[in-house]
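Each chain, written out:
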Amino acid sequence: MNFRQSGQVVHWQADAQTQTVSAAKVVSTDPPYYDNIGYADLSDFFYVWLRRSLKPIFPGLYATVAVPKAEELVATPYRHGGKLEAEAFFLDGMTQAMHNLAEQAHPAFPVTIYYAFKQSDTQDDSGTHSTGWVTFLEAVLQAGFALTGTWPMRTELGNRMIGSGTNALASSIVLVCRQRALDAPGMAIFSQYAAVLEADGTPMRVKTALQLINRFLAEDDFDHDTQFCLAWFEHQGWATAKFGEADVLARAKGTSVGGLVEAGVVDSTAGNLRLLRWAELPRDWNPDTDTRTPIWEALHHLIRALNQDGETAAGALLARMPSRTEALRALAYRLYTLCERKGWAEDARAYNELVTAWGAIETEAASAGVVGAQGTFDM
Ligand SMILES: C[S@@+](CC[C@H](N)C(=O)[O-])C[C@H]1O[C@@H](n2cnc3c(N)ncnc32)[C@H](O)[C@@H]1O
C-alpha cells in the first residue's frame, strides 16, 4: 500500500447490491435504516431543480427524469405491496448489498457499518425488539459477515429537525464486521455473544444479539469514578503512573483522586497511582455499608467473589445490588472487548469468565432472594 498517495473524492451512483467500487478498499458505510427515511421520494423535491442546472456537468448522476426508486433499499409498504413484502424486499436487498461488500472489501481490514436505532423501538414486552434492527442484523449475518465488535456513538443531534417531537434516532452503533471464516472457529470467545454472531442468523439469535448490543452503554453513561477507571485502564492497565496524570484525568472525568481512594478502586502512594486488581480487594466487602461504590468497584468485587468463592458467592453479592445488574454486565462486556483489542489475554479471560457465568450467577442471585432484576440504571 502506498500511504503517500493523496486522497480522492469521487461521486457516482451505483446500486449497493451490484456495485464494484468497494473492490480491495477499506469500507465504512452508512446504510439506510429500514423504513426510517424515504430518501428517493424526498430527493425528488430537490432533484428536479438540480437536474436542470447540473445535468450537463454530471450527466451520469442526472440521467433519469426522477430519482431512481426501484433499487432503493428502504422498507416502504406502498412500494412493495404490503408490510411483509417490504420487509422481505429490504432483507433480500440488504443481504445482497452486504454480501457484495463482504466479497469485495479488502480482507486485511474490517468493514464498519453505521447503524442507528430509535431508542423507543429497542424494547418491547419480551425484552428487546426492533424490526429494523432484527432485519438488518439478519442481513449482515446472512451475507457472511461476523460481528467482531460494536461501538456506540453519539452521532445525531438531539435537536435536529426529525428529532423534534418524534422518537427519531438518538445514537448510532458502529458494527465492526469481518468475513466469517467458513469453519468459523473461535471468532471471539464472548459467551452467548460469540455464539449469536458466529451462527447463521436465525431470528432468536439475532434477538439475543440485539439485547446485548442494547446493553452496551456509552462511556458517559457510567458514574464518574468508573469513567476515570475505564480511561486510566485503557492507557495504563494495572501499571503505576504519576499522581499528576491521574489528577488531570480525574478532574476531566468529574471526580478526584481523593474520591477514587475513598471509593476503594485505586492505590495512591508516594506521588503515584494505580488501579487495584480484583485480587487486592477486601474479601469481607459489603455493598450495603459501602457509601461510594462505582460500578467499576462492584464489578471487580463480583470477579473476586466468583474466582475466590464461586458462583454462589458471586450470586449472593449480585443479589445485594439488583439495580446494578445491567450496568455491571455492560461494563464486563466493555472491558472484555477492550482487553481483547489490546491483546491482554489474561484480563480478557477474567471478564469473559464473568459474563460466561452470568446466567448462573443470576440464578444464584435469584435463589439468594434478589428483589427483582431491574432494567434501569441506578447511577
Ligand atoms: C443513512 S443514509 C446515508 C447518509 C449519509 N451518510 C449522509 O450523511 O448524508 C443511506 C443512503 O443509502 C442510499 N441508498 C438506499 N438504497 C441504496 C442502494 N440500493 N444503493 C445505494 N445506495 C442506496 C440512500 O439513498 C441514502 O442516501
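Right above here is the structure, for reference.
A few points on the structure. (Residues numbered from 1 in each chain as written. Predicted model: local features only at pLDDT ≥ 70, side-chain atom pairs only at ≥ 80, totals over all residues. Heavy atoms only, no water.)

## Things to note about the overall build of the chain
Stage number 1. When helices and strands are tallied, the chain shows 14 helices and seven strands.
Stage number 2. In the chain, the share of contacts with a sequence separation of at least 24, taken over all contacts with a separation of at least 6, comes to 71%.
Stage number 3. Surface accessibility of the chain: about 19,300 Å² in total, with carbon and sulfur atoms responsible for 55%. (Helix = DSSP H or I, 4+ residues; strand = E, 2+ residues; numbered from the N terminus. Contact = heavy atoms within 4.5 Å. Areas by Shrake-Rupley, 256 points an atom, 1.4 Å probe, with all protein chains shown as cover.)

## Quick notes on the site of the ligand
Stage number 1. In the neighbourhood of the ligand, the contacting residues comprise Ala14, Asp15, Ala16, Asp30, Pro31, Pro32, Tyr39, Glu71, Glu72 and Leu73.
Stage number 2. With respect to the ligand, the backbone of Leu73 contributes an N or O atom lying 3.0 Å from a nitrogen atom.
Stage number 3. Notes on the ligand: free accessible area 600 Å², of which the protein chains cover 55%.
Stage number 4. Here the residues of the shell around the ligand sort into six nonpolar, no polar and four charged.
Stage number 5. Shared between two domains, the shell around the ligand holds at least three residues of each, these being domain 1 (28-35 + 75-216) and domain 2 (38-73). (Near = heavy atom within 4 Å. Polar contact = N/O pair within 3.5 Å; in protein donor to acceptor, adjacent residues only side chain to side chain. Nonpolar A, V, L, I, M, F, W, Y, C, P; charged D, E, K, R; others polar. Domains from an automatic or database assignment.)

## Looking at the pattern of salt bridges
Stage number 1. Enumeration according to the criterion identifies 10 salt bridges in this entry.
Stage number 2. The residue Asp309 makes a salt bridge to Arg283 at a minimum N-O spacing of 2.5 Å. Placement of the pair is Asp309 in helix H10 (residues 295-309) and Arg283 in the loop between strand S7 (272-275) and H10, with a sequence separation of 26 residues.
Stage number 3. Residue classification places Asp309 among the partly exposed positions, given a relative accessible area of 39%.
Stage number 4. Here the residues in one salt-bridge network are Asp41, Glu72 and Arg79, joined through shared partners. (Salt bridge = Lys/Arg side-chain N within 4 Å of Asp/Glu carboxyl O. Buried < 20%, exposed > 50% of the residue type's maximum accessible area, 1.4 Å probe, protein only.)

## Comments concerning the packing of H10 against helix H12 (residues 325-342)
Stage number 1. Running from N to C, H10 and H12 cross one another at 80°; their axes reach a closest spacing of 9 Å. As the angle between them shows, H10 and H12 are arranged roughly perpendicular. Only Ala327, Leu328, Leu331, Ala332 and Leu335 of H12 make contact with H10, whose side of the interface consists of Ile295, Trp296, Ala298, Leu299, His300 and Leu302. (Axes fitted to C-alpha atoms, helices over the stretch in contact; angles between N-to-C directions. Parallel < 35°, antiparallel > 145°, perpendicular 65-115°, else oblique.)

## Some thoughts on a nonpolar patch on the surface
Stage number 1. Taken together, the side chains of Val10, Trp12 and Val21 define a hydrophobic patch exposed on the protein surface, amounting to about 280 Å² of accessible area.
Stage number 2. Its location among the elements puts Val10 in the segment before strand S1 (28-29).
Stage number 3. Taking the relative accessible area as the measure of exposure, Val10 reaches 47% and is therefore partly exposed. (Patch = residues over 30% accessible without salt bridge, like charges linked within 9 Å, V, L, I, M, F, W, Y side chains within 5 Å.)

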